[in-house]
Amino acid sequence: MPDPDLIAARAELDRLWARGRAFLGVDYAIMGGAMSWVSERHLVAAISNAGGFGVIACGAMNPQQLEAEIAGTQAMTGKPFGVNLITMHPQLDDLVRVCLAAGVGHVVLAGGIPPRGAVAAVKDSGAKLVAFAPALGLAKRLVRSGADAIVIEGSEAGGHIGPVSLTVLAQEVLPHLREVPVFVAGGLGRGEAILGYLEMGAAGAQLGTRFAASVESIAHDNFKRAFIRANARDALPTVQLDERFPVIPVRGLVNEGTRRFLAHQAATLARFQSGELSKQEAQLDIEHFWAGALRRAVIDGDVEGGSVMAGQSVGMVTSIQSVAEIIAELVAQATTALALRGAASAGRPAATARPATTV
Ligand SMILES: Cc1cc2nc3c(=O)[nH]c(=O)nc-3n(C[C@H](O)[C@H](O)[C@H](O)COP(=O)(O)O)c2cc1C
């Protein structure tokens, strides 16, 4: 017989993330965070087919490549999915046009304040615009300029990160931004944590690391196995040696590459100090160190020399699971937490003491 506590808990979860589900047009308000080289048609379609919301990472693709990726994804799923574009891409306007012509319903603009032209094009087409906000003031500004939803991504996340943790960002933003749905990201690996943020007012959650290690992810087996081996403390931000030469903070697994990057910065600094390199040359030299490094790790499986971007949530990757399993597990964890609470407040012994699978 179905457990009444679990049924009530599932209804409560659906109430809590109703706004996120409606906004994305999905069963579960769980977005697969766009990950360059990883979030292509197979992973994106798998997330959407499992009831979540997949997002293609355009990264450095040109418009033709993006058009093919969108068409490939549409061939694998009839469910909604989005496309993440980096605002500093030199062909941003063309990429936006490609998305809109293909009928993509949600465009995510990442990596800075979205330029007005791109915002206007998305809005005029009727598609939804999603933007990232690293602080409350900026989130409000983005909403005023047309963002239909906001993602707040804490520094626990994998890839390029801001300085503030999700724990703090959520407290800063969620109570004060009710105009649009807000999705939380960074370091999320379990359903109970997602539930906590939903109760604070989040509309849904975005996860990257856990999906990168899924069966459907095209990432090299070495990449997925590195995730399984790693603990949260192995996923660290890049270290900047000298404040005159800024380094964009990227969270990833510590490896030979991250150690060589420190040595490279030190050597470049010495060449600058000796007059061999100008400041600009030295800065470029440091920036070029990681060129192509994510691809080397994700596609070629070079997890020692490449950039193994990962969030602190990597400690919660313990096996290679299908996307459907990951989503079912997250939903079950959130539901079980709610059901146990329901039973406790009714003074009944919890029938749900066993771990829930799906409801
Ligand atoms: C390997 C990897 C690559 C990523 N690439 C991108 C990207 O291209 N664009 C982007 O907006 N975010 C990128 N991210 C961030 C994710 O979209 C997501 O917000 C983040 O992974 C959430 O934190 P979590 O990894 O702890 O779940 C990347 C993350 C990872 C792990």
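Residues numbered from 1 in each chain as written. Predicted model: local features only at pLDDT ≥ 70, side-chain atom pairs only at ≥ 80, totals over all residues. Heavy atoms only, no water.

**Topic: the overall build of the protein chain**
Next, step 1: Looking only at helices and strands, one finds 15 helices and eleven strands in the protein chain.
Next, step 2: The C-alpha atoms of the protein chain give 21 Å as radius of gyration, which agrees with the globular expectation for 359 residues (21 Å, within 12%).
Next, step 3: Once the C-alpha set of the protein chain is aligned to its principal axes, its extents read approximately 75 × 45 × 40 Å.
Next, step 4: Taking all 359 residues of the protein chain together, the buried fraction comes to 51%.
Next, step 5: Considering only residue pairs separated by 6 or more positions, the protein chain has 63% of its internal contacts joining residues 24 or more positions apart. (Helix = DSSP H or I, 4+ residues; strand = E, 2+ residues; numbered from the N terminus. Rg over C-alpha atoms; globule rule 2.2 N^0.38 Å. Buried < 20%, exposed > 50% of the residue type's maximum accessible area, 1.4 Å probe, protein only. Contact = heavy atoms within 4.5 Å.)

**Looking at a nonpolar patch on the surface**
Next, step 1: A cluster of nonpolar side chains, contributed by Val 239, Leu 241 and Leu 262, occupies part of the molecular surface with about 220 Å² of accessible area.
Next, step 2: Looking at where Val 239 falls in the secondary structure, it is placed in the loop between strand E10 (235–237) and strand E11 (250–253).
Next, step 3: By relative accessible area, Val 239 is classed as partly exposed at 44%. (Patch = residues over 30% accessible without salt bridge, like charges linked within 9 Å, V, L, I, M, F, W, Y side chains within 5 Å. Areas by Shrake-Rupley, 256 points an atom, 1.4 Å probe, with all protein chains shown as cover. Salt bridge = Lys/Arg side-chain N within 4 Å of Asp/Glu carboxyl O.)

**Points about the sheet that holds E10**
Next, step 1: The strand order across the open sheet formed by three strands is E7-E11-E10, and the pairing between neighbours is antiparallel. The sheet is open, and its two borders are formed by strand E7 (159–160) and E10, each paired with just one other strand.
Next, step 2: With two bridges joining them, E7 and E11 adopt antiparallel strand pairing. If you follow His 160 over to E11, its bridge partner there is Val 250. (Pairing = 2+ DSSP bridges.)

**Focus on the pairing of E11**
Next, step 1: Where E10 and E11 come together, three bridges link them in antiparallel fashion. Within E11, the position partnered with Pro 237 by the bridge is Arg 251.

**Remarks on the sheet that holds strand E2 (residues 54–57)**
Next, step 1: Within the open sheet, the eight strands sit side by side as E1-E9-E8-E6-E5-E4-E3-E2. Their pairing is parallel. Edge positions in the sheet fall to strand E1 (30–32) and E2, since each has one partner strand and no second. Each strand of the sheet is rotated relative to its neighbour by a mean of 25°, with strand direction disregarded.
Next, step 2: Looking at chain direction, strand E5 (residues 128–132) and strand E6 (residues 149–153) are connected through three bridges and run parallel. Each residue of the ladder has a partner; that of Ala 131, found in E6, is Ile 150.
Next, step 3: Sitting on the sheet, helix H8 (residues 166–173) is in contact with E6 and strand E8 (182–185), with an inclination near 145° to E6. (Axes fitted to C-alpha atoms, helices over the stretch in contact; angles between N-to-C directions.)

**Digging into the packing of helix H3 (residues 41–49) against helix H4 (residues 63–76)**
Next, step 1: Closest axis-to-axis distance for the H3/H4 pair is 9 Å, and the angle between their directions is 40°. Classed by the angle they form, the pair H3 and H4 counts as oblique. Between H3 and H4 the crossing geometry is right-handed. For the pair H3 and H4, contact is made by Arg 41, His 42, Val 44, Ala 45 and Asn 49 and by Ala 68, Glu 69, Gly 72, Thr 73 and Met 76, respectively.
Next, step 2: For the contact of H3 with H4, the per-class residue count stands at four nonpolar, four polar and two charged. (Parallel < 35°, antiparallel > 145°, perpendicular 65-115°, else oblique. Left-handed = near helix turned anticlockwise from the far one by under 90°. Nonpolar A, V, L, I, M, F, W, Y, C, P; charged D, E, K, R; others polar.)

**Observations concerning the site of the ligand**
Next, step 1: Looking at the ligand, there are 19 residues lining it, with Ala 34, Ser 36, Glu 153, Thr 209 and Ser 313 nearest.
Next, step 2: A distance of 3.1 Å separates an oxygen atom of the ligand from a polar side-chain atom of Asn 84.
Next, step 3: Gly 187 has a polar backbone atom sitting 2.8 Å from an oxygen atom of the ligand.
Next, step 4: Calculation on the ligand without its partners gives an accessible area of 610 Å², and the protein chains cover 94% of this total.
Next, step 5: When grouped by side-chain class, the residues that make up the shell around the ligand number seven nonpolar, eleven polar and one charged. (Near = heavy atom within 4 Å. Polar contact = N/O pair within 3.5 Å; in protein donor to acceptor, adjacent residues only side chain to side chain.)

**Considering the environment of Leu 241**
Next, step 1: Along the polypeptide, Leu 241 turns up in the loop between E10 and E11.
Next, step 2: By relative accessible area, Leu 241 is classed as partly exposed at 41%.
Next, step 3: If we ignore the near neighbours within four places in the chain, the residues touching Leu 241 are Leu 262, Gln 265 and Ala 266.

**Some thoughts on unusual backbone geometry**
Next, step 1: Positive phi, normally seen in glycine, also occurs at Trp 37, with a value near 70°.
Next, step 2: Residue class for Trp 37 comes out partly exposed when judged on its relative accessible area of 43%.

**Structural notes on the nonpolar core**
Next, step 1: Among the nonpolar cores identified, the biggest contains 81 residues, and Ile 150, Ile 152, Phe 211 and Phe 227 are the most heavily contacted of them.
Next, step 2: At eight residues, helix H15 (residues 323–345) tops the list of elements feeding residues into this core.
Next, step 3: Judged by nonpolar contacts, the second largest core, of 22 residues, contains Val 83, Leu 92, Cys 99 and Leu 109. (Core = buried A, V, L, I, M, F, W, Y, C linked by side-chain atoms within 4.5 Å.)

**Notes on helix H12 (residues 256–273)**
It helps to recall that an α-helix has 3.6 residues per turn; residues three or four apart then point in one direction.
Next, step 1: Under the 1.5 Å per step criterion, the end-to-end length of H12 is 26 Å for 18 residues, consistent within 8% with the ideal 26 Å.
Next, step 2: Turning to H12, the residues buried within the fold contact helix H13 (279–288).
Next, step 3: For H12, the side-chain oxygen to backbone nitrogen distance between the N-cap and Gly 257 is 2.9 Å, and the N-cap itself is Asn 255.
Next, step 4: Once H12 finishes, Gly 275 follows within two positions and takes phi at roughly 90°, a positive value. (Expected span 1.5 Å × (residues − 1).)

**Let's talk about helix H5 (residues 92–101)**
Next, step 1: Restricting attention to buried positions, one finds in H5 the residues Leu 92, Leu 95, Val 96, Val 98 and Cys 99. For H5, the buried positions fall inside an angular range of 160° around the axis, keeping them on one side. Facing away from the buried side of H5 by over 90 degrees, the exposed positions are Arg 97 and Ala 101.
Next, step 2: Contact partners of the buried residues in H5: H4, strand E3 (81–86), strand E4 (106–110) and helix H6 (116–125). (Arc of directions from axis to C-beta.)

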